[in-house]
Amino acid sequence: MNNTKRWAFDLTAWTVSVIVGLTLVAHEAMAGEKRMTAGNARYQAECGSCHLAYPPQLLPAPAWRRIMASLDKHFGADATLDASAAAEIGYFLDGAAGTGKRVAGAGDSLRITRTPWFEREHEEVPSAAWRRPSVGGPGNCAACHTTAPQGDFDEHNVRIPR
Amino acid sequence: MQHERLRVRAGAALFFFATATLAATPAELLKDYETAVRAQSARFAGFSAERGREFFNSRHGGEWSCASCHTGNPAVQGKHAKTAKAIAPLAPAANAERFTDAAAAEKWFRRNCNDVLSRACTAQEKGDILQYLISVK
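Here is what the cut-offs are and how they apply
- Going along each chain's sequence as written, the residues are numbered from 1 onward.
- Chain letters and ligand numbers both follow the written order, the letters beginning at A and the numbers at 1.
- Only residues with pLDDT of at least 70 are given local features in this predicted model, and only at 80 or more are side-chain atom pairs given and counted; all residues enter the totals for whole chains, interfaces and linings.
- Comment: elements are numbered from the N terminus, with helices defined as DSSP H or I runs of at least four residues and strands as E runs of at least two.
- Residues with at least 20 other C-beta atoms within 10 Å of their own are called buried, those with 12 or fewer are called exposed, and the rest are partly exposed. The C-beta atoms themselves are positioned from the backbone.
- Throughout, a residue-residue contact means that the two C-beta atoms, derived from backbone geometry, are no farther apart than 7 Å.
- Polar here means any residue other than Ala, Val, Leu, Ile, Met, Phe, Trp, Tyr, Cys and Pro, which are nonpolar, and Asp, Glu, Lys and Arg, which are charged; Gly is therefore polar.
- Geometry is summarised by axes, namely lines fitted to C-alpha atoms with helices restricted to the contacting stretch, and by angles between N-to-C directions that run from 0 to 180 degrees.
- Just so you know how the angles are binned, under 35 degrees is roughly parallel, over 145 roughly antiparallel, 65 to 115 roughly perpendicular, and the rest oblique.
- Note on convention: the crossing is left-handed when the near helix lies turned anticlockwise from the far helix by less than a right angle, right-handed when the turn is clockwise.
- Each nonpolar core consists of buried Ala, Val, Leu, Ile, Met, Phe, Trp, Tyr and Cys residues. Their C-beta atoms, within 7 Å, join them into a set.
- Between the first and last residue of a helix there are one fewer steps than residues, each counted as 1.5 Å, and that sum is the expected span.
- In this description, the arc belongs to the directions extending from the helix axis to the C-beta atoms.

Details of the overall build of chain B
Right, so step 1: When helices and strands are tallied, chain B shows six helices and two strands.
Right, so step 2: Listed by position from the N terminus, the elements making up chain B come as α-α-α-α-β-β-α-α.
Right, so step 3: Counting across all 137 residues of chain B, residues that qualify as buried make up 26%.

In structure tokens, the structure reads:
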């Protein structure tokens, strides 16, 4: 190989690897956007027994703190925990709580479904669909997000039941 | 060194006993409720599955009964009245995990009695309910 050819080859190889790398990073970032896990066994077990263990990233830390402080009146039900579970889950939520645009403008509401982010993401869902008995309201993620229990909220896995 | 090993062994034994007392059978939990009733009053006329069944299916001043979420048949899967999440069957005959952990049973009685009756259930009421659930085949 002469020098010019080698130079052209190197440049091509470099360009291809940069493109592949950037694509991978972008793909990873988009997957991260849709994959929201609730990675604490106790949070999963305690909170997940009555409803999907909602991704902690969907509310800011102050909201989670207020939820943890009012479990005796948790959206109309008693969801009190023993002191050890409350401490561990509270600590976990504090660290995993959302920041940035997902929780921007969340205000005083303790409902994920009232955050501007949630409303934006679900704009196309007709209001009648939420009221179907098969859906059971906006808090029942898994009714439509079939892979929500695995933390996967990818749009491709959404099936709105009749 | 010797001392350290002894301490580890004592710790392991303590852990074993602590966990051994947590695991239970529905019949043992029923016995615990009987002990609790007897501790409160000298007279104990036994638990009644029929009384438990009626309690389970009745509203007690609030919006919900036990059956609102667990359905009128505790041997089948229930559904949370608010969140619509599936609830595994409550009757031990249909779900071997039920009433095998005293702390878990107490946790749910604490929460759910408060939701249904706006107060704690008495040991007599818990015993009646458990007697009923054990009788469901």
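Moving on from the model shown.
Section: the overall build of chain A
Right, so step 1: Across its full length, chain A carries six helices and zero strands.
Right, so step 2: From first element to last, N terminus to C terminus, chain A shows the α and β order α-α-α-α-α-α.
Right, so step 3: Within chain A, buried positions represent 17% of all 162 residues.
Right, so step 4: When contacts within chain A are restricted to residue pairs at least 6 apart in sequence, long-range pairs at least 24 apart make up 56% of them.

Let's talk about the interface of chain A and chain B
Right, so step 1: Listed as interface residues are ten residues of chain A and, on the opposing side, nine residues of chain B.
Right, so step 2: Looking at the side of chain A that touches chain B, its residues break down into three nonpolar, six polar and one charged.

Remarks on the packing of helix α3 (residues 61-69) of chain A against helix α4 (residues 83-96) of chain A
All names here are of chain A.
Right, so step 1: Orientation of α3 relative to α4, taken along the N-to-C sense of each, is 165°, at an axis distance of 9 Å. As the angle between them shows, α3 and α4 are arranged roughly antiparallel. Between α3 and α4 the crossing geometry is right-handed. Residue-level inspection shows Ala 61, Trp 64 and Met 68 of α3 in contact with α4, the latter providing Ala 86, Gly 90, Leu 93 and Asp 94.
Right, so step 2: Residue composition of the contact of α3 with α4, by class: five nonpolar, one polar and one charged.

Some points on the environment of A:Phe75
Residues and elements named next belong to chain A.
Right, so step 1: Among the secondary structure elements, Phe 75 is positioned in the loop between α3 and α4.
Right, so step 2: C-beta crowding within 10 Å serves as the criterion here: with 14 such atoms nearby, Phe 75 is assigned to the partly exposed category.
Right, so step 3: Once the C-alpha coordinates of Phe 75 and Ala 86 are considered, the two residues, eleven residues apart in sequence, prove to be 17 Å apart.

A few points about the nonpolar core
Right, so step 1: Among the nonpolar cores identified, the biggest contains 18 residues, and B:Leu29, B:Tyr33, B:Phe56, B:Ile129, B:Leu130, B:Tyr132 and B:Leu133 are the most heavily contacted of them.
Right, so step 2: When residues of this core are traced back to their parent elements, those giving at least two are α2 (26-40), α3 (49-57), α5 (102-117) and α6 (123-135) of chain B.
Right, so step 3: Ranked by size, the runner-up nonpolar core spans 14 residues in total, among them A:Cys47, A:Leu59, A:Leu93 and A:Ile112.

Here we look at α2(B)
Residues and elements named next belong to chain B.
Right, so step 1: For α2, which comprises 15 residues, the first-to-last C-alpha distance of 22 Å matches the rise-based estimate of 21 Å (1.5 Å per residue) to within 8%.
Right, so step 2: Every buried residue belonging to α2 is among Leu 29, Tyr 33 and Val 37, and all of these are buried. Viewed along the axis of α2, the buried residues span an arc of 85°, placing them on a single side of the element. Exposed residues lying more than 90 degrees from the buried face of α2 are Ala 27, Glu 28, Thr 35, Arg 38 and Ala 39.

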